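Chain residues, written in single-letter form:
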Amino acid sequence: YLAIETAKRGARKLKGHGVRAIVFPNISYSVCERSADFPGTLSLSKPAAVSLLKEVAVAATRHFRAVAFVNTHLDAAHLEVLKQVVEEAKKAGTSACFVDLTRKRWAQQLGEAFAQGDHAGAFATSAMMALNLKMVREHERISLPPLDGLAVSMKKGMKTFKEAGGDDAYFGDPGAANIEEGENILEQLADICAVSVMEHLASKV
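### What to know about the side chain of Thr125
So, step 1. Relative to the helices and strands, Thr125 is located in helix H6 (residues 122–131).
So, step 2. Thr125 sits in the buried class, given a relative accessible area of 10%.
So, step 3. Reaching out from Thr125, the side chain makes a polar contact with the backbone oxygen of Ala120 at a distance of 3.0 Å.

Listed below in structure tokens is the structure:
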């Protein structure tokens, strides 16, 4: 949901800069190693994910100048896939990039909760509340105790949510979320999306 909203808002911002962008349907499946322990998580292999996304990039750029993958899924293995896709697409003569929120400049802009590895905590929940409040279960949100962000656990070598103590698949503080901050986050994500695309296009001139 957040990636789709980021892409839509980013496209509107790009239009203001004279860049016409088409938002394609989202791609729901990729690599999800961190959450693979939870029933219902469908994770592709890295080769399958790379092949799928590369084919999408090549097909999209038959009629468009470039393709940008707008990503809010920050599983480390998935980010590796996106980086490989961009390289593979480049070798195939395709202009592709992805909006990498983990780059230092963007992570700092998005704030402390994001930098600490928020997953369904204050950062993501605020954004979801601003996007569609009905999809946030308020009773559960305010009853969940704060947890440390995922970043500390990952640095210690823990590879999955369960290893990191996230039995409910959240990290951070959902109770601290609010709609106003969520709207601010969505606008920041859209700005990052637009700037990332414009910088990619400028590098290809």
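### Side note on helix H3 (residues 76–91)
So, step 1. The end-to-end C-alpha separation of H3 is 23 Å, in line with the 22 Å expected for 16 residues at 1.5 Å each.
So, step 2. Along H3, the residues that are buried comprise Ala77, His78, Leu79, Val81, Leu82, Val85, Val86 and Ala89.
So, step 3. For H3, the elements touching its buried residues are helix H2 (46–60), strand S1 (67–70) and strand S2 (96–99).
So, step 4. By the N-cap criterion, in which a side-chain oxygen at the helix start approaches the backbone nitrogen of a residue two or three places on, H3 is capped by Asp75, the distance to Ala77 being 2.9 Å.

### Examining the pattern of salt bridges
So, step 1. By the definition in use, this model includes nine salt bridges.
So, step 2. Among the ionic pairs, Glu199 bridges to Arg105, the shortest N-O distance being 3.0 Å. Of this pair, Glu199 sits in helix H9 (residues 179–203) while Arg105 sits in helix H4 (residues 104–110); the two residues are 94 residues apart in sequence, bridging distant segments of the chain.
So, step 3. Owing to a relative accessible area of 35%, Arg105 belongs among the partly exposed residues under this scheme.
So, step 4. Ionic pairing is found between Arg141 and Glu138, a salt bridge with its closest N-O pair at 2.7 Å. Taken together, the residues span about one helical turn, with Arg141 and Glu138 both in helix H7 (residues 138–143) at a distance of three residues.
So, step 5. Residue classification places Arg141 among the buried residues on the basis of a relative accessible area of 9%.
So, step 6. One network of salt bridges, with partners in common, ties together Glu5, Arg9, Lys13, Glu183, Glu187 and Asp191.

### What about the pairing of S2?
So, step 1. Burial along S2 is two-sided: Ala96 and Phe98 and Cys97 and Val99, pointing in opposite directions, are all buried.
So, step 2. With four bridges joining them, S1 and S2 adopt parallel strand pairing. The residue of S2 that forms the bridge with Val70 is Val99.
So, step 3. Chirality of the crossover, the property in question, places the unit of S1, H3 and S2 among those that are right-handed.

### What to know about a nonpolar patch on the surface
So, step 1. On the surface, a nonpolar cluster with roughly 280 Å² of combined accessible area is contributed by Ile22, Phe24 and Phe64.
So, step 2. Mapped onto the secondary structure, Phe64 falls in the loop between H2 and S1.
So, step 3. On the basis of relative accessible area, Phe64 is assigned to the partly exposed category, the value being 35%.

### Some words on the packing of aromatic side chains
So, step 1. In total, this model carries four aromatic pairs according to the counting rule given.
So, step 2. For the ring pair Phe24 and Phe64, a centre distance of 5.9 Å and an interplane angle of 90° mean the geometry is edge-to-face. With Phe24 in the loop between helix H1 (2–16) and H2 and Phe64 in the loop between H2 and S1, this residue pair connects regions lying 40 residues apart in the sequence.
So, step 3. Judged by relative accessible area, which is 47%, Phe24 ranks as partly exposed.
So, step 4. What links up through ring pairs into an aromatic cluster is the set Phe38, Phe161 and Phe171.
So, step 5. Geometry around Phe38 places Lys162 over its ring, the cationic atom sitting 5.2 Å from the centre.

### Describing unusual backbone geometry
So, step 1. Despite not being glycine, Ala120 has its phi angle at roughly 65°, a positive value.
So, step 2. One can find Ala120 in the loop between helix H5 (112–115) and H6.
So, step 3. The backbone phi angle of Ala169 is positive, close to 65°, even though this residue is not glycine.
So, step 4. For Ala169, the location among the structural elements is in the loop between helix H8 (150–155) and H9.

Definitions and limits used
Residues numbered from 1 in each chain as written. Predicted model: local features only at pLDDT ≥ 70, side-chain atom pairs only at ≥ 80, totals over all residues. Heavy atoms only, no water. Helix = DSSP H or I, 4+ residues; strand = E, 2+ residues; numbered from the N terminus. Buried < 20%, exposed > 50% of the residue type's maximum accessible area, 1.4 Å probe, protein only. Polar contact = N/O pair within 3.5 Å; in protein donor to acceptor, adjacent residues only side chain to side chain. Expected span 1.5 Å × (residues − 1). Contact = heavy atoms within 4.5 Å. Salt bridge = Lys/Arg side-chain N within 4 Å of Asp/Glu carboxyl O. Pairing = 2+ DSSP bridges. Right-handed = clockwise from strand over helix to strand, strands pointing away. Patch = residues over 30% accessible without salt bridge, like charges linked within 9 Å, V, L, I, M, F, W, Y side chains within 5 Å. Areas by Shrake-Rupley, 256 points an atom, 1.4 Å probe, with all protein chains shown as cover. Phe/Tyr/Trp six-rings, centres within 6.5 Å; stacked < 30°, edge-to-face > 60°. Lys NZ or Arg CZ within 6 Å of the ring centre and 35° of its normal.

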